[in-house]
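Remarks on the overall topology
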Amino acid sequence: MRHLLPTLKELTRTDMHIYDEFTVQEHIPPHPGSDDTAARSVFVRSATGNVYLYCSFLDQPSILAEHALPFTPSATSTESSSFTVNPSFSIPVPVISPSMQLAHTIPLFAKSPVLMVKNDRDEWAGYLSAADVMNALLQAHRLMEAYLETTLETAGSALSLINEEAEVAYWTSGAENIFSIRKTEIIGQPAANFFPPERLQSLKTLYTGETVYRKQHQPRPDLFALINARPVRLDGRIVGAVAAEVDITTEIRLHQELLHMSSKIQHLEKAVARLRPESDPFARIKGSSPIMKQCLETIRKISTTPATVLIMGESGTGKELFAKAIHDLREPETAPFIAINCGAIPASLFESELFGYEKGAFSGADPKGKKGKIELAEGGTLFLDEIGEMPSELQVKLLRVLQERSYFQVGGTRTKQANCRIIAATNQDLPAMITRNQFREDLYYRLNVINLIIPPLRLRKEDIYELTQTFLQEFSLLYNRHIEVIPPEVFKRLFEYDWPGNVRELRNVIERLTILTMDGEVKPEYLPDSLTSTKLYEHSEPEPANSLTFADKTRTDYPNVLETQKESQMPSPFAAAAKETTDLLDTGSGQDSGTSYQQQLDAYEARLLVQYLEAAGGNKRTLAKQLGISRATLYNRMKRLGL
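Counting restarts for each chain: residues are numbered from 1 in the order of the written sequence. The model is predicted, so local features are restricted to residues of pLDDT at least 70 and side-chain atom pairs to those at 80 or more, both for listing and for counting; the totals for chains, interfaces and linings are taken over all residues. As a rule here, side-chain values come from all non-hydrogen atoms in the structure, and water together with hydrogens is ignored.

Quick look at the sheet that holds strand β22 (residues 450–453)
Where we set the bar: Note on pairing: two strands pair once DSSP finds at least 2 bridges between them. Here a strand is any run of E in DSSP of at least two residues, a helix any run of H or I of at least four, and the numbering for each starts at the N terminus. The axes used here are C-alpha line fits, helices contributing only the stretch in contact, and every angle between their N-to-C directions lies in the interval 0 to 180 degrees.
An order of β15-β18-β21-β14-β22 is seen for the 5 strands of this open sheet, with the pairing classed as parallel. In this open sheet, the two strands that pair with only one neighbour each are β15 (337–341) and β22. Between one strand and the next, the sheet's axes are offset by a mean angle of 20 degrees, whatever the strand orientation. By the bridge criterion, 4 bridges tie strand β14 (residues 309–312) to β22 in an arrangement that is parallel. Each residue of the ladder has a partner; that of Met 312, found in β22, is Ile 453.

This is how it looks when you write it as structure tokens:
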């Protein structure tokens, strides 16, 4: 708006007379008004180059009292003067340049009602009057106020301005319509008289200097708005705050109604889904990271055979989802999928649950008998979750089912056929359990015809965003919450956390965030303590030599699942060896003997480690870094393989 201010050239007057101090009386008439001299300002130029405004007491009798200006008697004011002119006095006049800014001239008017303008050629160009400058500034202010008010009213938003004392200084018609408060009622009043102070973003901006853009807030309990707020600064300090708000109450209510209807639709979809299986077996498995793509590709290969599958993965990785995907890919739609948790059933009841029982088999039994899970899964899939928790006495009977494909019911004398495919899952290290005599080795090899390892979430953090959006949509509908987006600082915490509970833990955290978010804004303080503690950013130490996590097993034992994503970063012999290992695992998955398969795998792994070690120049630390495992894990693997 600076172009609204006039220039010095436009305000400079030229209607003046300027005389030397010794000849001024020759040009001043004894009676004012006798010629045009009285209509022009008269300036006196001294011998030293200073300039004075010549003033007559008779012409301006109150000028001293009005301006409290210094008095400098002129030659004409003495009694010895031979001229009969009005008594007079002179006012010193500051001299300015035409290029001087108008704002810099204002303080000079405290000394004189006029300023002399002298150009670059040392010529008197004219003078500047305080009255002219004040009128020009007043007109510019009025024009700028008209422009500003029209602009603010045209913006359409509810615009408000509070001053340094937190009083409302401006209030547009848009604000009147949204808040139902008239300008005449609120302007000049403290904003806190009309709104709760804790809900006023303008006050927060005034006191803290915070700038917000499109932030959702509630100035009143019954009103939702999107607000832009910015502090007003002058000379480095905050002198006010401006806020522009858009009423979104109607949109929020419509969105809440839409969420309510969407929730009903989702419940109906779930009911329909129970009656009609998903057309896409991988619909519920979220993730597009390279490691997940490799895992899904392995499932597609598995699904072309009826072989027994052992799924290994940490708790919370979603092993049952992968088992269901294998079932959906290789079985018809009508085939049953029966799941049994081996760790959730007491040992005394496990046999009857798995095999069923004849009528009258034991006291308290159903008189009609009961079908077991194996019989219920006929023509489909029996999923044995947490197989590592199966009682040891039942491991023998399950081994018979896998070998003979037959079994006896509890209390029965007739052999029944086990016409179902077996998928087992565990979060335990079964080979380590075998060495401790906690799991049968022969059962392990019968189950481990095809092995699928589900990667933990910390090894596929690029999937966190997709998983978060999926869970956010689910819980927003379930709890009727309006959440548009999760802020970057919250996502930063999600990506930095190691997720020991894997996808299940992430799902619980998103459910917590959804429940605690009442105003649509997810805040970092809503995160659980495990994600906000300082330990989150500390790097963990290498695993002990006797510990082998599933992440380590995935990297070393089954490179076809994890190491494939790093082939492009490996040296060429490593990439070739990794591909060769993948081919071996794919072609060896149909071996009749589990022991033969494991022996081949161990022998080939030993050859690979030797090749890797030679490529690394015998440096085990370098080799461990290239393989993405700790040195303790590498030593443990080499010791087991006899290297």
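So that's the structure; there's more coming.
Focus: the packing of helix α17 (residues 464–479) against helix α19 (residues 502–516)
What counts here: To sort the angles, those under 35 degrees are grouped as roughly parallel, those over 145 as roughly antiparallel, those from 65 to 115 as roughly perpendicular, and the leftovers as oblique. Handedness of a crossing is defined here by the sense of rotation of the near helix relative to the far one, left-handed for an anticlockwise turn of less than a right angle and right-handed for a clockwise turn. Contacts are assigned to residue pairs with any non-hydrogen atoms lying within 4.5 Å of each other.
In contact at an axis separation of 9 Å, α17 and α19 are set at 45 degrees when each is read in the N-to-C sense. With respect to their mutual orientation, α17 and α19 come out oblique. You can see that α17 and α19 cross each other, and the crossing is right-handed. In contact with Ile 464, Leu 467, Thr 468, Phe 471, Leu 472, Glu 474, Phe 475, Ser 476 and Tyr 479 of α17, α19 contributes Val 503, Leu 506, Arg 507, Ile 510, Glu 511, Thr 514 and Ile 515.

So, the pairing of β14
The test is simple: Three exposure classes are used, based on accessible area relative to the maximum for each residue type with a 1.4 Å probe and protein chains only: buried under 20%, partly exposed in between, and exposed over 50%.
Here β14 shows two buried faces, one formed by Val 309 and Ile 311 and the other by Leu 310 and Met 312. Alignment of β14 against strand β21 (residues 421–426), held across 4 bridges, turns out to be parallel. If you follow Leu 310 over to β21, its bridge partner there is Ala 424.

Looking at the environment of Arg 421
When you line up the elements, Arg 421 lands in strand β21. Expressed as a C-alpha distance, the spacing of Arg 421 and Val 309, which sit 112 residues apart in the sequence, is 8.8 Å. Apart from residues lying up to four places away in sequence, Arg 421 is in contact with Pro 306, Arg 330, Glu 331, Gly 379, Gly 380, Thr 381 and Leu 382.

Focus: unusual backbone geometry
Positioned with a positive phi, Arg 405 is a non-glycine residue whose angle comes to about 60 degrees. Residue position: Arg 405 is located in the loop between α14 (392–404) and β19 (406–408). Owing to a relative accessible area of 28%, Arg 405 belongs among the partly exposed residues under this scheme. Even without a glycine there, the phi angle at Asn 437 is positive, about 60 degrees. Looking at the element boundaries, Asn 437 is found in the loop between α15 (430–435) and α16 (441–447). Residue class for Asn 437 comes out exposed when judged on its relative accessible area of 73%.

Digging into a nonpolar patch on the surface
In plain terms, the rule: Patches draw on residues past 30% relative accessible area with no salt bridge. Two like charges within 9 Å are joined, as are two nonpolar side chains (Val, Leu, Ile, Met, Phe, Trp, Tyr) within 5 Å. What sets the accessible areas is the Shrake-Rupley method with a 1.4 Å probe; for residues, cover comes only from the shown protein chains. A carboxyl oxygen of Asp or Glu within 4 Å of a side-chain nitrogen of Lys or Arg is what we treat as a salt bridge.
Taken together, the side chains of Leu 5, Ile 106 and Leu 137 present a nonpolar region at the surface, about 220 Å² in accessible area. For Leu 5, a relative accessible area of 41% corresponds to the partly exposed category.

Here's the deal with the sheet that holds strand β8 (residues 124–129)
The mixed open sheet is built from 3 strands, whose spatial order is β6-β7-β8. A single partner strand is all that each edge strand has here, and the edge strands are β6 (95–96) and β8. Where β6 and strand β7 (residues 114–118) come together, 2 bridges link them in parallel fashion. Looking at β7, one finds that Val 95 is bridged to Met 116.

A closer look at the side chain of His 17
Secondary-structure assignment places His 17 in strand β1 (residues 16–20). The class of His 17 is buried, set by a relative accessible area of 18%.

Digging into the confidence of the model for the protein chain
How we decide: Per residue, pLDDT measures the predictor's confidence, with a range of 0 to 100.
Across the protein chain, pLDDT averages 76, with 75% of residues at or above 70. Here residues 534–548 scores under 50 on pLDDT; set against residues more than four positions off or in separate chains, the count is 20 contacts.

Focus on the environment of Leu 102
Among the structural elements, Leu 102 can be located in helix α4 (residues 102–105). With relative accessibility at 10%, the residue Leu 102 sits in the buried group. With 31 residues separating them in the primary sequence, Leu 102 and Val 133 have C-alpha atoms 8.5 Å apart. Each residue touching Leu 102, except ones within four places of it in the same chain, is listed here: Pro 6, Leu 8, Leu 11, Val 133 and Leu 137.

Remarks on the pattern of salt bridges
Under the criterion given, the structure shown has 18 salt bridges. With a shortest N-O distance of 2.9 Å, Arg 421 and Glu 331 are connected by a salt bridge. Of this pair, Arg 421 sits in strand β21 while Glu 331 sits in the loop between α11 (319–330) and β15, and the two are 90 residues apart along the sequence. Taking the shortest distance from any N to any O, the salt bridge between Lys 492 and Glu 496 comes out at 2.7 Å. Of this pair, Lys 492 and Glu 496 are both found in helix α18 (residues 488–496), 4 residues apart, which corresponds to roughly one turn of the helix. Accessibility expressed as a relative area gives 46% for Lys 492, which makes it partly exposed. Taken together, the salt bridges that share partners define one network made up of Arg 13, Asp 15 and Asp 132.

What about α18?
Stated formally: This arc is taken over the directions from the axis of the helix to the C-beta atoms.
Along α18, the residues classified as buried are Val 490, Phe 491 and Leu 494. For α18, the arc enclosing every buried residue in end-on projection is 100 degrees, short of the 170-degree limit, so these residues lie on one face. Of the surrounding elements, those touching the buried residues of α18 are α17, α19 and α20 (529–532).

A few points about the packing of aromatic side chains
Stated formally: Two rings from Phe, Tyr or Trp (for Trp, the six-membered ring) form a pair when their centres sit within 6.5 Å of each other. Planes less than 30 degrees apart are called stacked, planes more than 60 degrees apart edge-to-face, and all others tilted.
Summed over the entire model, instances satisfying the criterion amount to 11 aromatic pairs. With 6.0 Å between their ring centres and 20 degrees between their planes, Phe 337 and Phe 383 make a pair best called stacked. With a gap of 46 residues between them, Phe 337 in strand β15 and Phe 383 in strand β18 (residues 381–385) connect regions that are remote in the sequence. Residue class for Phe 383 comes out buried when judged on its relative accessible area of 0%. Counting every residue linked through ring pairs, the aromatic cluster contains Trp 171, Phe 179 and Phe 195.

Here we look at the packing of α17 against α18
Applied cut-off: The residue classification treats Ala, Val, Leu, Ile, Met, Phe, Trp, Tyr, Cys and Pro as nonpolar and Asp, Glu, Lys and Arg as charged. All others, Gly included, are polar.
Taken N-terminus to C-terminus, the directions of α17 and α18 make an angle of 120 degrees; their axes are 11 Å apart at the nearest point. The orientation of α17 relative to α18 falls into the category oblique. In terms of crossing hand, the pair formed by α17 and α18 is right-handed. Only Phe 491, Leu 494 and Phe 495 of α18 make contact with α17, whose side of the interface consists of Ile 464, Tyr 465, Thr 468 and Gln 469. Residue composition of the contact of α17 with α18, grouped by class: 5 nonpolar, 2 polar and no charged.

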